[in-house]
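Chain by chain, the residues run as shown.
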Amino acid sequence: MDFAKICDQVFALDDDIRYAGVIDDMGALVAGGMKKGIDSLTDQSNEELYLAQTALRKSMRQRFDNTLGKARFAYVERDRVSILTFYMNGHTLVVTLEPNLDSHTAMDIAKDTLDLLNGGSS
């Protein structure tokens, strides 16, 4: 799977996507990052901490895969950013959105991203 290409395709889905990055199961960024021309809301050490915690949350969710089924994605709205987290085998795609997007648009982006990850678009 070409993670850099996936990040580029995610950015193309909507102008209000701030960040698209793929991390490994330890939380290390392997592709993507902040959209060009956009400043991060956190410094690098806090971004790394957030990504490590994201990897930890994935492993915690996996505990319930046998009973509840696999988690496909998670969605969090914060005051200054909304976050979509997509779970893949061995990796996680983290996408952040401008806070002005409503939840319906965020879910449209989530569906389109799932389609990308499942090979539905190129």
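No experiment lies behind these values; they were computed from the predicted model shown.

Colleague: Where do I start with the pairing of strand 4 (residues 82-88) in this structure?
Modeller: Consecutive residues of a regular strand have side chains that alternate between opposite faces of the sheet. Taking burial as the measure, the seven residues of strand 4 include seven buried ones, the bulk of the element. Here strand 3 (residues 73-77) runs beside strand 4; their pairing, made up of five bridges, is antiparallel. Bridging from a neighbouring strand, Val76 pairs with Ile83 of strand 4. Between strand 3 and strand 4, which pair antiparallel one after the other, the connecting turn spans four residues. By the bridge criterion, seven bridges tie strand 4 to strand 5 (residues 91-97) in an arrangement that is antiparallel. Directly across from Ile83, in strand 5, lies its bridge partner Thr96. Two successive antiparallel strands, strand 4 and strand 5, enclose a turn made up of two residues, where Gly90 displays a positive phi of approximately 80 degrees.

Colleague: What is the right way to read the nonpolar core from this model?
Modeller: Nonpolar side chains in soluble globular proteins generally cluster together in the buried interior. One finds Val10, Phe86, Leu93, Val95 and Leu97 to be the most contacted residues of the largest nonpolar core, which totals 22 residues. Those elements that provide at least two residues to this core are helix 1 (3-11), strand 1 (17-24), strand 4, strand 5 and helix 4 (103-117). No other element matches helix 4, which puts six residues into this core. If we ignore the near neighbours within four places in the chain, the residues touching Val95 are Val10, Ile17, Tyr19, Ser82, Ile83, Leu84 and Phe86. Counting residues in hydrophobic clusters, the runner-up holds seven residues, among them Tyr19, Ile23, Leu51 and Ala55.

Colleague: Help me understand helix 2 (residues 44-62), please; the structure alone is not making it clear to me.
Modeller: Count 3.6 residues to each turn of an α-helix, and residues three or four apart come out pointing the same way. When the terminal C-alpha atoms of helix 2 are compared, their 27 Å separation across 19 residues agrees well with the 27 Å that a helix rising 1.5 Å per residue should span. By the burial criterion, the buried members of helix 2 are Leu51, Thr54, Ala55 and Lys58. Angular distribution of buried residues about the axis of helix 2 spans 95 degrees; they occupy a single face of the element. The inward-facing, buried residues of helix 2 abut strand 1, strand 2 (29-34), strand 4 and strand 5.

Colleague: When you look at the sheet that holds strand 4 in this model, what are you seeing that I'm missing?
Modeller: Pairing between sheet strands relies on hydrogen bonds along the backbone, with the strands arranged either parallel or antiparallel. The five strands lie next to each other as 2-1-5-4-3, forming an open sheet whose pairing is antiparallel. The sheet terminates laterally at strand 2 and strand 3, the two strands that pair on one side only. Pairs of neighbouring strands in the sheet enclose a mean axial angle of 10 degrees, with direction left out of account. Against the sheet, helix 2 engages strand 1, strand 2, strand 3, strand 4 and strand 5, with an angle of about 60 degrees to strand 1. Lying over the sheet, helix 4 contacts strand 1, strand 3, strand 4 and strand 5, oriented at roughly 25 degrees with respect to strand 4.

About the thresholds
- Residues numbered from 1 in each chain as written.
- Predicted model: local features only at pLDDT ≥ 70, side-chain atom pairs only at ≥ 80, totals over all residues.
- Heavy atoms only, no water.
- Buried < 20%, exposed > 50% of the residue type's maximum accessible area, 1.4 Å probe, protein only.
- Helix = DSSP H or I, 4+ residues; strand = E, 2+ residues; numbered from the N terminus.
- Pairing = 2+ DSSP bridges.
- Core = buried A, V, L, I, M, F, W, Y, C linked by side-chain atoms within 4.5 Å.
- Contact = heavy atoms within 4.5 Å.
- Expected span 1.5 Å × (residues − 1).
- Arc of directions from axis to C-beta.
- Axes fitted to C-alpha atoms, helices over the stretch in contact; angles between N-to-C directions.

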